[in-house]
Structure formats: structure tokens, C-alpha cells
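Spelled out, the chains give:
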Amino acid sequence: MVNRTQALVLGFLLVALASVLAIRIAAPEVYDLALRLPADERRWESVLLGALAVFILLLGVGVLRRWPWTFWLITVAFLAGVLRAPVAILQLTGILAADAPTWYLVFQGLLGMGQFAIGLAMVAAYRRAGVWGASAARR
């Protein structure tokens, strides 16, 4: 049985995986800029994105199996997502150099806020029921 916290994290991981694939197909130049790879080196881009997809799938398995290390890794990473919003704002206003299109900066800022909200929900759920709601499952 998947609880609300697990569903939120799994939903976000699916959005992240779908986003990676959609950007790779629709706007591969974004990855060229981010990874600073020459245009003729698309195979390394594919290898890196494949490894990222495998990592996201591993996290998904960890969420479903309620592995404690995935809970803490995801919680810390999601809480750190709050840093994406000010960076995106600073890049959009020109204070920081922007190396990506405007739509991508806005998308990153919104993802960061979503991550942070889920991270806060994870902390609240932990305080209420333990890692992945483990103590609630034992009752």
C-alpha cells in the first residue's frame, strides 16, 4: 500500500523522468548548454541521461520498498530544492549569468518550489509516523 508521502514523491519522480525525456527530445540544445558537450558528442549525453533515468528508477524502487536511506536522501534533496527559485530569479533578472532559455529557468524555479513543498510534507509525515510512515503501518 502506497501512502500519501510515497505517492507525492513517486509523482514527482515521474514528472522529473518525463521532463528529462521531453527536454531531450524537444530541446536537446538545453542539454548541450548545460553539459557543455560538443554537438557531435550526443552519445555521452544519452549515456548521462540514461544513468540519470536509472538513478530515478532506483529511487522509485526505494520509495516503494520504504528504504530509509532513500527517505533521507530524497528529503534532504527536496528541501534543498528551495535554492532553485532564487537562482532562477537571479538568472531571469540578469544578476546571474543565464546559460539556458527563459522557459527552462522558470521550469527549474517551479520544480524547486514543488520539491521544497514535498520535502516539508515529508518532514511533517516523518514527525507524525516515522520514515515512510513505518510506525503507522505497524499499528
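Residues numbered from 1 in each chain as written. Predicted model: local features only at pLDDT ≥ 70, side-chain atom pairs only at ≥ 80, totals over all residues. Heavy atoms only, no water.

Some words on the packing of helix α3 (residues 42-64) against helix α4 (residues 68-80)
Contact geometry for α3 and α4: axes closest at 8 Å, N-to-C directions at 120°. In terms of orientation, α3 and α4 fall into the oblique class. As α3 packs across α4, the resulting crossing turns out to be left-handed. Of the residues in α4, those in contact with Phe-55, Leu-58, Leu-59, Gly-62 and Val-63 of α3 are Trp-69, Thr-70, Leu-73 and Ile-74. Considering only residue class, the contact of α3 with α4 consists of seven nonpolar, two polar and no charged. (Axes fitted to C-alpha atoms, helices over the stretch in contact; angles between N-to-C directions. Helix = DSSP H or I, 4+ residues; strand = E, 2+ residues; numbered from the N terminus. Parallel < 35°, antiparallel > 145°, perpendicular 65-115°, else oblique. Left-handed = near helix turned anticlockwise from the far one by under 90°. Contact = heavy atoms within 4.5 Å. Nonpolar A, V, L, I, M, F, W, Y, C, P; charged D, E, K, R; others polar.)

A short note on the packing of aromatic side chains
One pass over the structure, following the stated rule, counts seven aromatic pairs. Taken together, the ring pairs connect Phe-71, Trp-72, Tyr-126 and Trp-132 into an aromatic cluster. (Phe/Tyr/Trp six-rings, centres within 6.5 Å; stacked < 30°, edge-to-face > 60°.)

Observations concerning the environment of Ile-74
Take Ile-74: it is sitting in helix α4. Classification of Ile-74 by relative accessible area gives buried; the value is 2%. Residues Ile-74 and Gln-115, spaced 41 residues apart in sequence, show a C-alpha to C-alpha distance of 9.4 Å. Not counting chain neighbours up to four residues away, the residues in contact with Ile-74 comprise Val-9, Leu-59, Val-63, Met-122 and Trp-132. (Buried < 20%, exposed > 50% of the residue type's maximum accessible area, 1.4 Å probe, protein only.)

Some remarks on the nonpolar core
Judged by nonpolar contacts, the single largest core of 18 residues is most densely connected at Val-9, Val-63, Ile-74, Phe-78, Met-122 and Trp-132. At the level of elements, α1 (4-26), α3, α4 and α6 (102-129) are the ones that each hand at least two residues to this core. Considering each element in turn, this core owes the most residues, six residues, to α1. (Core = buried A, V, L, I, M, F, W, Y, C linked by side-chain atoms within 4.5 Å.)

Comments concerning unusual backbone geometry
In this model, Arg-66 sits at a positive phi of 60°, which is unusual for a non-glycine residue. Take Arg-66: it is sitting in the loop between α3 and α4.

Observations concerning helix α2 (residues 28-35)
Of the positions making up α2, those classed as buried are Pro-28, Val-30, Tyr-31 and Asp-32. On its buried face, α2 sits against α1, α3 and α6. Following α2 by one or two positions, Arg-36 has its phi on the positive side, about 55°.

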